[in-house]
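# Architecture and fold: a report
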Amino acid sequence: MKKQLLTTAIAGLMTLSFNVTADENAFNDADKAVEYRQKALSVMQQNFAAMAAMVKGEVEYNADFFQRRADDFEKMSGIPWAGFGVEGAMPGNNSDALTAIWDNWDDFQQRANDLQEYAAKLADVSQKGSIDSIKPVFMDAAKTCKGCHDEYKD
């Protein structure tokens, strides 16, 4: 019993140390951090664009499809922000991010948090299946995206 407990404890410590090392080395350099955040934001944009087409009436509303896009958008909404916090990942030739992000870090983080909240609300309301109940929540998320882009993206 003691041997099994000791083995479990050692395995847990090894897993914990691996996770800390993985977090510390998630981005080998600033360029990888920029690439990470750009790819995550691109996936978010693709999901949002598919939902926008339905909200605007450009394509027929499909509740199941919308819900899947909203769920994916919510899952992605917390991912890109780690790529902004890496030292040296400020904008350069490979980024449309403005230095205003780092000059106004608290505001940027608040906007990221707001987007995550709206993404969660959008995923929730999409489960009800009514485009009329979805539109106002979708528009709140869209305004949050636009506001951040207007302020922090070239």
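Before going into details, it helps to say that this report is about the structure given with it. (Residues numbered from 1 in each chain as written. Predicted model: local features only at pLDDT ≥ 70, side-chain atom pairs only at ≥ 80, totals over all residues. Heavy atoms only, no water.)

What follows is about the pattern of salt bridges. Evaluation of the coordinates by the stated rule reveals six salt bridges. Close ionic contact of Lys32 with Glu35 constitutes a salt bridge, the shortest N to O distance being 4.0 Å. Of this pair, Lys32 and Glu35 both sit in helix H2 (residues 30–55), three residues apart, which is roughly one turn of the helix. Lys32 gets classed as partly exposed once you look at its relative accessible area, which sits at 41%. Note that Glu35 is salt-bridged to Lys39, the shortest N-O span being 2.8 Å. With Glu35 and Lys39 both in helix H2, this residue pair falls four residues apart, about one helical turn. (Salt bridge = Lys/Arg side-chain N within 4 Å of Asp/Glu carboxyl O. Helix = DSSP H or I, 4+ residues; strand = E, 2+ residues; numbered from the N terminus. Buried < 20%, exposed > 50% of the residue type's maximum accessible area, 1.4 Å probe, protein only.)

As a further point, take the environment of Ser95. Position of Ser95 relative to the elements: it lies in the loop between helix H3 (63–76) and helix H4 (100–103). For Ser95, a relative accessible area of 13% translates into the label buried. Residues Ser95 and Arg37, spaced 58 residues apart in sequence, show a C-alpha to C-alpha distance of 10.0 Å. Excluding its chain neighbours within four sequence positions, the residues that come into contact with Ser95 are Val34, Arg37 and Gln38. (Contact = heavy atoms within 4.5 Å.)

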